[in-house]
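# Observations on the three-dimensional arrangement
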Protein chains: 2
Amino acid sequence: MAPTPDWVKQLKPSGPQGHELLAAERAKSDLPVEQLSELLFTKEVLQKKQRILNVLKSEKVFDKSQNYFSGRTDRFEKALARAKKLRNLRVKHNWDLDEYRTATELISEPGPYGLHDSMFLITLREQGTPEQHEVFLKKAKNYEYIGCYAQTELGHGSNVRGLETTATWNSKDKTFTIHSPHLTASKWWIGSLGRTANHAVVMAQLIIAGKSYGPHPFVVQIRDLKTHEPLENAHVGDIGPKFGYNTMDNGFLLFNHYKAPHVSMLARFSKVDPDTNKYARQGSPSLIYGTLTWVRSTIVMQAGSVLARGVTIATRYSAIRRQFQDRDAPQGEKGENPVINYTMVQMRLLPLLAATFALHFTGKAMMDLYSENQKQMNQGNKGREDPNQRGAGPEETQSGSDILADLHATSCGLKALSSTIAAEGLEMCRRTCGGHGYSSFSGIGPWYADYLPTITWEGDNYMLTQQVARYLLKSARSVLANQAPNNDTTRILTDFRSRSEIGCAFDIIGSDSDIVSAFAWRASFLTFEALKHRDEQKKPWNDLLVDFYRLSKAHSQYMVVKNFHSALTAEETRGGIAGETLDVLRKLYRLYALHTLEQEGSEFYVSGACSRNQISLARTNAVMKLLKAIRPHAVRLVDAWAFDDWVLDSSLGRKDGKVYEDMFYRASELNPLNRITVDPYPDSEVLFKRIEGRGEGVRSKL
Amino acid sequence: MAPTPDWVKQLKPSGPQGHELLAAERAKSDLPVEQLSELLFTKEVLQKKQRILNVLKSEKVFDKSQNYFSGRTDRFEKALARAKKLRNLRVKHNWDLDEYRTATELISEPGPYGLHDSMFLITLREQGTPEQHEVFLKKAKNYEYIGCYAQTELGHGSNVRGLETTATWNSKDKTFTIHSPHLTASKWWIGSLGRTANHAVVMAQLIIAGKSYGPHPFVVQIRDLKTHEPLENAHVGDIGPKFGYNTMDNGFLLFNHYKAPHVSMLARFSKVDPDTNKYARQGSPSLIYGTLTWVRSTIVMQAGSVLARGVTIATRYSAIRRQFQDRDAPQGEKGENPVINYTMVQMRLLPLLAATFALHFTGKAMMDLYSENQKQMNQGNKGREDPNQRGAGPEETQSGSDILADLHATSCGLKALSSTIAAEGLEMCRRTCGGHGYSSFSGIGPWYADYLPTITWEGDNYMLTQQVARYLLKSARSVLANQAPNNDTTRILTDFRSRSEIGCAFDIIGSDSDIVSAFAWRASFLTFEALKHRDEQKKPWNDLLVDFYRLSKAHSQYMVVKNFHSALTAEETRGGIAGETLDVLRKLYRLYALHTLEQEGSEFYVSGACSRNQISLARTNAVMKLLKAIRPHAVRLVDAWAFDDWVLDSSLGRKDGKVYEDMFYRASELNPLNRITVDPYPDSEVLFKRIEGRGEGVRSKL
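Residues numbered from 1 in each chain as written. Chains lettered and ligands numbered in written order. Predicted model: local features only at pLDDT ≥ 70, side-chain atom pairs only at ≥ 80, totals over all residues. Heavy atoms only, no water.

A few words on the UniProt feature "binding site: FAD" (unreviewed entry) in chain A. Residue and element names in this part refer to chain A. Following the UniProt record, the feature "binding site: FAD" (unreviewed entry) maps to Thr152 and Gly191 here. The annotated residues occupy 40 residues of the chain but converge on a single region, no pair of C-alpha atoms lying more than 10.5 Å apart. You can see Thr152 is positioned in the loop between strand S1 (149-150) and strand S2 (166-170). As for its position among the elements, Gly191 is in the loop between strand S4 (187-190) and strand S5 (199-208). What makes Gly191 buried here is its relative accessible area of 7%. Not counting residues within four places of it along the chain, the set of residues in contact with Gly191 comprises Leu115, Cys148, Met248, Asp249 and Asn250. (UniProt positions renumbered as here; feature names shortened; annotations may be inferred. Helix = DSSP H or I, 4+ residues; strand = E, 2+ residues; numbered from the N terminus. Buried < 20%, exposed > 50% of the residue type's maximum accessible area, 1.4 Å probe, protein only. Contact = heavy atoms within 4.5 Å.)

Below you can see the structure in the form of structure tokens.
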């Protein structure tokens, strides 16, 4: 197409400019943005981010300008180039793991080294023997071996026990035969496997002398180290395009009686003795399940900032996008109204803004709980059993460590709740941007699409709720038997029991802590209801799944409300920030809690946690007042999340408000489709008259 | 990559095969699938679909095998080629508009001729004079002129009055000067404009002698008919990639004092007299607004089948996907459980299955209402005012035609509700497919992404609710003043008033018609509540937007429940189908209604529409029973929607259940990414060792 003509380049948006409108918004509040950012991240972390960001911006390979235009193959090729460069930068600048992760986060796209950097290395380290560290880990750390973690199969997701891939011990030549007996045994969804990895940790059913010992991890080479072609009897490739995550090469892998040496079975916790051909377990794998719990905790922590990206974009744009006049505005008053002034927009946006802080503080608390757990583990109090395997196990399995059980259950429920809030919140943010939210330039859609797997992986959000319910039922039973371990869950259950005769009277409108109590009451009520169904009425487990889902949601919502509240009452917080800031955060707390309460109204009513009158007051009155009170601080509150424009990569979310200039620039200057001139007439056989800029000349006939 | 080895080709999925599992499902029920299909579509329509489908399948250009892999540019190029072929097929087979639309639907992707075929031709026909039909419409029908409808601007969505583009009348040379005074005046989101159209209907503010007469339509040539390059002083192009809809070239358009002849202003309803230079209105444009209402009605109708695609895919796959054993299953029982047996899956899927029928029958009823309206219009009872413009108008504007007002309000509310149900339902279906739902091969994600704009266009779903509320308030006022026109809305409001003293007692568990009454009661209650806030408490309009949103939702849910119920009691339905079929449909009706009621529980309780006891019974008891009762018919019910595999283009939704074979085939054989071999090592500077199948040799260095 012709270059953008000068008369176009001279055009400005009409009316008040974006930067003026955002300036006006920022002038409405004197919230100390930097101070709030430091409360969220600490000064050190913010400086580190900035330092790394500058390095990334200076590298051409990280230029994002074509990201939204490129197809799958180009996206992947570029992502691999970036992964390589990132690795080299890490070496060059001597970044530690944390700095390396920060860089990955700033680039904000899944990369082909993703699973090598995480699960592959972690598994080698935690499940390998010193000998295996020599053989595999060293080369893996040097990226001579690039690996992935191959567990999920085409026909088997969450249920690890159902895996079909077998590893049969050959006592004669002391090898394992790795084999895929069926098509459904094909490893599937394995990140970094499709095109990148030359090794894989393969989870396979160990078979010795015809007896199966369940799934075990094997380190298997799958591609030639020179040609990078698949080895014989290993069929491997990329599984194809996805809703998002297309910079990652999720792969498939099939084995045809593939021979692997004895050393390939990771043997820290269980091994096959090559002399006796006997299987032996040693030590406890519970640390690993600690790791999985840790992964879930990070998901909770991330959910807040994941959602904050969408909220930042939608909030800034809602202050710039103007539509209609306030129908009650005086006749004289000209000009359209920024949509953020409409209560319907506030009702969609501000509770999500509140949720970003709620999830952040909850995630922080989870992390503390996790380190607390690690400490105890290292003091020798170790679990003996994998909570993640319980899906198919007996209901009453005893957990080796109460803290692990408690943390595990909490992390399951909060992972499910927080990732659902983040994913659905992002889509809500996108819609709140109106038509332009649908453009890739909004930056929300692609981000949402890449985030979506989080609600399915590390435990499907619906499946996980069963583990929460199971834990709550168990706790309730221990309370009834007066054998309750002392933790928060048993405390609220005991509390509820003790008041079962007298009921409760929480003032959810007047008291912040009463709100927490009301959430605890409703969760406890649902717990004992479910227990009645299961233990007294002996209802089938399957008939209770819906109740369990609601129960898990209720308990996790209580956890979020409780953690948000304690964060605001904690000394460190109160000390760190000005009174007015704390006051706004308290309003956000109330908005999050009461908006949630109002949405779950009937459960709060049925449980007697609060009166119908207060529920409708919360709905029609309190929430609307909070929206009004928070609205002037909205833009400064999202500013506090401190996203750099380069990170957001969004026309609508630009910090300087140049929304329309940026959208137009991307469409008119960067859009490759505009370099094609087509022949639009149906009677002509040719599709193209000519194509500029692609050097391909006239195109083939139809 | 190497071709798929033989040992892979010989592999089968483990356990019972997909076709066996689906056969077992179909054997669980003796629902007469064909008969039900004919009830939904009629035999004639089904035969027509099949006839056209055969034509499309025989044309190479419609081959879908690369759709999920191609990038934006390839998708668009292919879509244009298809649009051309489709036009030629229409001529060749002499298809009428209906058959042509059916073909477009079967192809299931937006095409570059989309806006030419609809809004461009419709606007020329309905707003052009006979002379203008000569000048423009003839050539447009022959695709010599290919057009689009350019209304929305970069800075202005729903509010047509805010448009910035001007058309200034030049009395001297009898021309209009079309001009874009600001960047925000750029036309934006205009379908078919980006690369395809050579003409556009441009909505611009008409200015005569310095006075503005509001937005009017102008037919403007924008590209050269030979070179297809933009004309001077017109800057036009594609607006870039979107969340979906990437086979369509939504475009932008700016004018620089562009001269257009007098004939270009579509003059059926208003014109500028070239001699007197005076502006004159004539006749009524209300027919056009009838058209817009019609578009909304079709959206309601489509919402059912749009959702049915996702439900078909998710239901069939849930019968094939097996996970874990029922934890209460006897120890001996081996094998994993198809997930459709889990109540948590049924709870997500079956209410959506019920919704597909609810929306279908509601849409059908809307269409009848529309033709009724058209009849009355043609009998000269015409509206004098555009309901779509009311957003910014005074609240109390009188509508010229009560039937138009009623139909308009109903279509607004139902468009918002039905498209939201369809969009969110599709995403729910995708998630219900677990991990594989995220693969493009599921067929749900791409379909969902293409459908999403529907919740924003033809009236943003949130904006529309204001028009519904305005209408309901008006109706309530007329009831209070005993001046109510006789229609269903005023009937339920009057009914509610008459019982305000005595209240109600609806048996929602025992009586199908009482359910309808309960929905009517709740909607009426909310209407008079809102009226109190507005008229007595004089609350600002903006403070009531959230209430209005809930009110519109409540009234539209009542409409759906009512229409579904009447469809099942209507003679034509009862006559057409077997008793058992009708019984299953009644269960679907109850499931849809009670599931909705349970979700809106607090409103039903607060309004007194039903007792708390019945609401919790509906929740814990009735709904669960209905899930059990409907579950055996699930697969046959989706079969009745009669989607051809070619149309679904989904591995998970295949009618023959060959889910895993199809996923594997697409990944291993069709996936172009697998033709690339990369150099994965960070220390090497080269990205590719070699590339097969793309004939591009070694790639550039990083």
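For the rest of this paragraph, the subject is the side chain of Thr489 of chain A. Its place among the elements puts Thr489 of chain A in helix H14 (residues 488-498). Setting aside its immediate chain neighbours within four residues, Thr489 of chain A contacts Asp406, Tyr471, Leu472, Ser475 and His555 of chain A.

All names here are of chain B. In spatial order, the strands read S4-S8-S7; together these three strands make up an open sheet with antiparallel pairing. A strand with exactly one partner marks an edge of an open sheet, and here the two such strands are strand S4 (187-190) and strand S7 (234-238). Strand-to-strand, the axes of this sheet are offset by a mean angle of 15°, without reference to chain direction. Relative to strand S8 (residues 251-255), S7 is paired through five bridges, and the arrangement is antiparallel. (Pairing = 2+ DSSP bridges. Axes fitted to C-alpha atoms, helices over the stretch in contact; angles between N-to-C directions.)

All names here are of chain B. Running from N to C, helix H13 (residues 461-480) and helix H15 (residues 512-536) cross one another at 90°; their axes reach a closest spacing of 9 Å. Overall, the two elements H13 and H15 adopt an arrangement that is roughly perpendicular. Residues Leu472, Leu473, Ala476, Arg477 and Leu480 of H13 pack against Thr527, Phe528, Ala530, Leu531, Arg534 and Asp535 of H15. Here the residues of the contact of H13 with H15 sort into seven nonpolar, one polar and three charged. (Parallel < 35°, antiparallel > 145°, perpendicular 65-115°, else oblique. Nonpolar A, V, L, I, M, F, W, Y, C, P; charged D, E, K, R; others polar.)

With that settled, the discussion passes to the side chain of Asp662 of chain B. All names here are of chain B. By the element assignment, Asp662 lies in helix H23 (residues 659-670). Taking relative accessible area as the criterion, Asp662 reaches 9% and is therefore assigned buried. A polar contact of 2.7 Å, which involves the side chain of Asp662, links it to the side chain of Ser651. Among the polar contacts listed, one links the side chain of Asp662 to the side chain of Arg654, at a separation of 3.2 Å. (Polar contact = N/O pair within 3.5 Å; in protein donor to acceptor, adjacent residues only side chain to side chain.)

Let us now look at the pattern of salt bridges. Evaluated as defined, the whole model comprises 68 salt bridges over all chains. Among the ionic pairs, Glu134 of chain A bridges to Lys138 of chain A, the shortest N-O distance being 3.4 Å. Separated by four residues within a single helix, Glu134 of chain A and Lys138 of chain A lie in helix H8 (residues 130-141), roughly one turn from each other. Here Arg26 of chain B ties to Asp639 of chain B by a salt bridge, and the two come within 2.7 Å at their closest N and O atoms. Here Arg26 of chain B, found in helix H2 (residues 18-27), pairs with Asp639 of chain B, found in helix H21 (residues 634-639); they are 613 residues apart in sequence, far enough to count as distant. Under the relative-accessibility criterion, Arg26 of chain B is labelled buried at 18%. Counted as one network, the salt bridges with shared partners bring together Arg522, Lys553, Glu600 and Glu603 of chain A together with Arg619 of chain B. (Salt bridge = Lys/Arg side-chain N within 4 Å of Asp/Glu carboxyl O.)

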